[in-house]
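# Observations on the model geometry
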Amino acid sequence: MVTTKWPYHGKPARGVNTKGIGYLDWYIPRLREKRKFDLSHSGLQFEWDFDSLIGEELSNVAKHHIIDKIDPREFIAQKEGISKDRVVVTHGATQALQVALLSVGHNLDQDKIIAVESPSYAPVSQTANLLGYSTIPVHRNPPESGFGHWRIDKNEWSNVLEKASVLMFTPILNPVGWDLHPDDRNWIIQTCKKNSVHIIADEVYSDSMVNHPDSVKIYDCGEHCISINSLTKVHGLGSIRFGWLIASESVAKQAQDVFRTVEGMISSPSVRLAKAVFNKLDQPVKKITELREKNLPLLRDLLQSHGIDWNEPEYGVFGAFKLPGERNSLEFVDDECFKESLLAVPGCMFSEDMKSWLRVAWSIEHEDFVKGIEALDKALNRIAL
Ligand SMILES: Cc1ncc(COP(=O)(O)O)c(C=O)c1O
């Protein structure tokens, strides 16, 4: 089996043909190397103090939450101001992608496909192949000027959406950090409605822009729209595997049945730990603003000093740029960055077309970021040698 670094698109691929997640195959061993400087984290590094949040209750964390009449759908319903009947809780966003697709994907004998956006976090696209569907990529392209939103080609998307039953995309695009342009978003929502295509939007980064005027949650945009989210990225709690989807009540009912089929029950420790933080989720969002203010000026200055164009997103914790001389960024991270004990993420993990792009994150404490930027400076100087 050959697994590429970038996401697979095409015919169903499961059983002996299952495709690996090249990104994680590459990333997990490098995280284990414990490089001294780390600009790789797409999730906020945030210390939740569970000792003071739940104190002695920590010893009861594995006690079944149903006994205490805790319904985790209520946490999300309250946060978003919606009915809890629109919510299904899952073990992370990645599982919510499967549950959502199993709830609204076409029957496998139909002549339809799943449209998946590229670039992407591989599970967004490969989930469909694993579940027996064929996929066709639809692209979000760099802005012609080099600055601003990445844009869609409506002709390309139109042709694919005519054949699709579901469209899967990530509004805040990984690895570049830009949200969908509002015009593109409106066009996609209308076109999918016209073609009876369900939308599954992976919004794991979208809470980082809740205070931005362009902030929109897809579940608010029609009966055909499903939002996926979790505590992993913006709220710094990936390890507790707490995610959810929000859909129309009828789709949520189907999704609840799917969840019970694939998982049975949600984990009580995840629910109890999530309950302790849900009314404090503004804290990590504020932290992101603080880190942007402190860390981004250093990154801007560094890239300018190397003559690198920097298309900075107005929200979130990461962005991406092209290396000088189209240097291959996978080789750069494993050679020049390795020599400086620095970790960042090569763009090829998200798309074959992004081989010279590097994703850097400012999701870490300022003192650590300063050192990371010094290491990046030295690694970039090595390219020139
Ligand atoms: C777009 C996207 N969705 C989901 C995830 C993972 O989310 P979770 O940990 O909630 O499964 C990632 C992680 O990199 C991601 O980039």
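Rules and cut-offs
Here the residue index of a chain counts from 1 through its sequence in written order. Predicted model: local features are reported for residues with pLDDT of at least 70 only, side-chain atom pairs are reported and counted for 80 or more only, and whole-chain, interface and lining totals are derived from all residues. Excluded from the side-chain calculation are hydrogens and water; included are all heavy atoms of the structure. Aromatic pairing here means that ring centres of Phe, Tyr or Trp (its six-membered ring) are within 6.5 Å. Orientation follows from the plane angle: under 30 degrees is stacked, over 60 is edge-to-face, and everything else is tilted. In this description a helix means any DSSP run of H or I spanning at least four residues, a strand means any run of E spanning at least two, and both kinds are numbered starting from the N terminus. For every residue, the accessible area (1.4 Å probe, protein chains only) is compared with the maximum for its type, and the residue is labelled buried under 20%, exposed over 50%, or partly exposed between those bounds. By definition here, charges over rings are those cases where NZ of Lys or CZ of Arg is within 6 Å of the ring centre and within 35 degrees of the ring normal. Only strands that DSSP links by at least two bridges are regarded as paired with each other. Pairs of residues are marked as contacts when any of their non-hydrogen atoms sit within 4.5 Å. Helix axes are fitted to C-alpha atoms over the stretch in contact, other axes to C-alpha atoms as well, and angles between N-to-C directions run from 0 to 180 degrees. Near is defined per residue: the residue qualifies when any heavy atom it owns lies within 4 Å of the molecule or strand. Contacts described as polar in this section are N or O atom pairs within 3.5 Å, which, within protein, must combine one atom able to donate a hydrogen with one able to accept it, while residues neighboring in sequence count only if both atoms come from side chains. Classification convention: Asp, Glu, Lys, Arg as charged; Ala, Val, Leu, Ile, Met, Phe, Trp, Tyr, Cys, Pro as nonpolar; all other residues, Gly among them, as polar. Where each domain starts and ends follows an automatic or database-derived domain assignment. Here the quantity called buried area is the accessible surface, traced with a 1.4 Å probe, that two parts lose on coming together, added over both. Whenever a carboxyl oxygen of Asp or Glu lies within 4 Å of a side-chain nitrogen of Lys or Arg, that contact is scored as a salt bridge. By nonpolar core we mean a set of buried residues, namely Ala, Val, Leu, Ile, Met, Phe, Trp, Tyr and Cys, connected to one another through side-chain atoms within 4.5 Å.

### Some points on the packing of aromatic side chains
Tallied over the full model, the rule gives 14 aromatic pairs. Ring geometry for tyrosine 205 versus phenylalanine 318: centroids 4.9 Å apart, planes at 80°, classification edge-to-face. Of this pair, tyrosine 205 sits in the loop between β7 (198-202) and β8 (225-230) while phenylalanine 318 sits in strand β10 (residues 318-322), and the two are 113 residues apart along the sequence. Here phenylalanine 318 falls in the buried class, since its relative accessible area comes to 3%. Relative to tryptophan 362, the ring of tryptophan 310 lies with its centre 6.2 Å away and its plane at 90°, an arrangement referred to as edge-to-face. Of this pair, tryptophan 310 sits in the loop between α10 (282-305) and β10 while tryptophan 362 sits in the loop between β13 (357-361) and α12 (366-384); the two residues are 52 residues apart in sequence, bridging distant segments of the chain. Of the residues examined, tryptophan 310 reaches a relative accessible area of 11% and is grouped as buried. Among the aromatic residues, those joined into a ring-pair cluster are Tyr23, Trp26, Tyr27 and Phe350. Between the NZ or CZ atom of arginine 359 and the centre of the ring of phenylalanine 318, over which it lies, the distance is 5.2 Å.

### A few points about unusual backbone geometry
For the bond from serine 118 to proline 119, the omega torsion is 0°, close enough to zero to count as cis. A cis amide bond links asparagine 174 to the next residue, proline 175, at an omega of 25°. By the element assignment, proline 175 lies in the loop between β6 (164-169) and α7 (182-194). A positive phi angle, near 50°, is found at arginine 241, a position not held by glycine. Looking at where arginine 241 falls in the secondary structure, it is placed in the loop between β8 and β9 (243-246). According to the relative accessible area criterion, arginine 241 is partly exposed, its value standing at 33%. Even without glycine at this site, glutamate 326 takes up a positive phi of about 55°. With respect to the helices and strands, glutamate 326 occurs in the loop between β10 and α11 (329-339).

### What to know about the sheet that holds β7
Taken in spatial order, the eight strands make up an open sheet running β2-β9-β8-β7-β6-β3-β4-β5, and their pairing is mixed. The two strands at the open ends of the sheet, each matched to only one other strand, are β2 (87-90) and β5 (151-152). Note that β7 and β8 share four bridges and pair parallel. Pairing of isoleucine 200 across the sheet is with isoleucine 226, part of β8. In this fold helix α3 (residues 73-80) packs onto β2 and β9, with an angle of close to 125° to the strand it touches most, β2. Helix α4 (residues 93-104) contacts β2, β3 (113-118), β6, β7, β8 and β9 of the sheet and is inclined by roughly 160° relative to β8.

### Side note on the site of the ligand
Contacts to the ligand come from 13 residues, most closely from Ala93, Thr94, Asp202, Tyr205 and Arg241. At 2.8 Å from an oxygen atom of the ligand is found a side-chain nitrogen or oxygen belonging to serine 230. A breakdown of the residues in the shell around the ligand according to their chemical character gives four nonpolar, six polar and three charged.

### A short note on the domain arrangement of the protein chain
If you check the domain split of the protein chain, you get domain 1 (15-45 + 282-384) and domain 2 (65-280). With 30 residues of domain 1 in contact, the opposing surface of domain 2 contributes 36 residues. Taking both sides of the interface into account, the surface hidden between domain 1 and domain 2 amounts to around 2,600 Å²; carbon and sulfur atoms contribute 61%. Three residues stand out in domain 1 for area buried against domain 2, namely Asn311, Tyr315 and Phe350, and they jointly supply 27% of the buried area on that side. Connecting domain 1 to domain 2 are zero salt bridges. Our count for the domain 1 to domain 2 interface comes out at 13 residue pairs in polar contact (both at pLDDT 80 or more). At the level of elements, α10, β10 and β13 are the ones that each hand at least two residues to the side of domain 1 that touches domain 2.

### A word on the pattern of salt bridges
Overall, the coordinates contain 28 salt bridges when judged by the stated rule. In this structure, arginine 35 and aspartate 334 form a salt bridge, with 3.5 Å as the shortest nitrogen-oxygen distance. Taken as a pair, arginine 35 in the loop between α1 (22-32) and β1 (37-38) and aspartate 334 in helix α11 lie far apart in primary sequence, 299 residues in all. For arginine 35, a relative accessible area of 10% puts it in the buried group. Its salt-bridge partner being lysine 63, residue aspartate 68 comes within 3.8 Å of it at the nearest N-O pair. Aspartate 68 gets classed as partly exposed once you look at its relative accessible area, which sits at 36%. Here lysine 63 falls in the partly exposed class, since its relative accessible area comes to 36%. Overlapping salt bridges, with partners in common, bring together Asp71, Arg73, Glu74, Lys84 and Asp85 in one network.

### A look at the side chain of histidine 224
As for its position among the elements, histidine 224 is in the loop between β7 and β8. Of note is the side chain of histidine 224, whose polar atom sits 3.0 Å from the backbone oxygen of isoleucine 189. In this structure histidine 224 touches Ile189, Cys192, Lys193, Val197, His198 and Ile199, once residues within four positions along its chain are discounted.

### Things to note about the nonpolar core
Formed by 107 residues in total, the largest nonpolar core has its most connected members in Ile200, Leu231, Phe242, Leu299 and Leu376. Counting only domains with at least three residues in this core, you end up with domain 1 (15-45 + 282-384) and domain 2 (65-280). Other than its neighbours up to four places away in sequence, isoleucine 200 contacts Leu97, Ala100, Leu101, Val104, Val166, Leu167, Met168, Phe169, Ile226 and Ile228. Counting 19 residues, the second largest nonpolar core, distinct from the first, contains Trp157, Ala164, Phe169 and Cys225.

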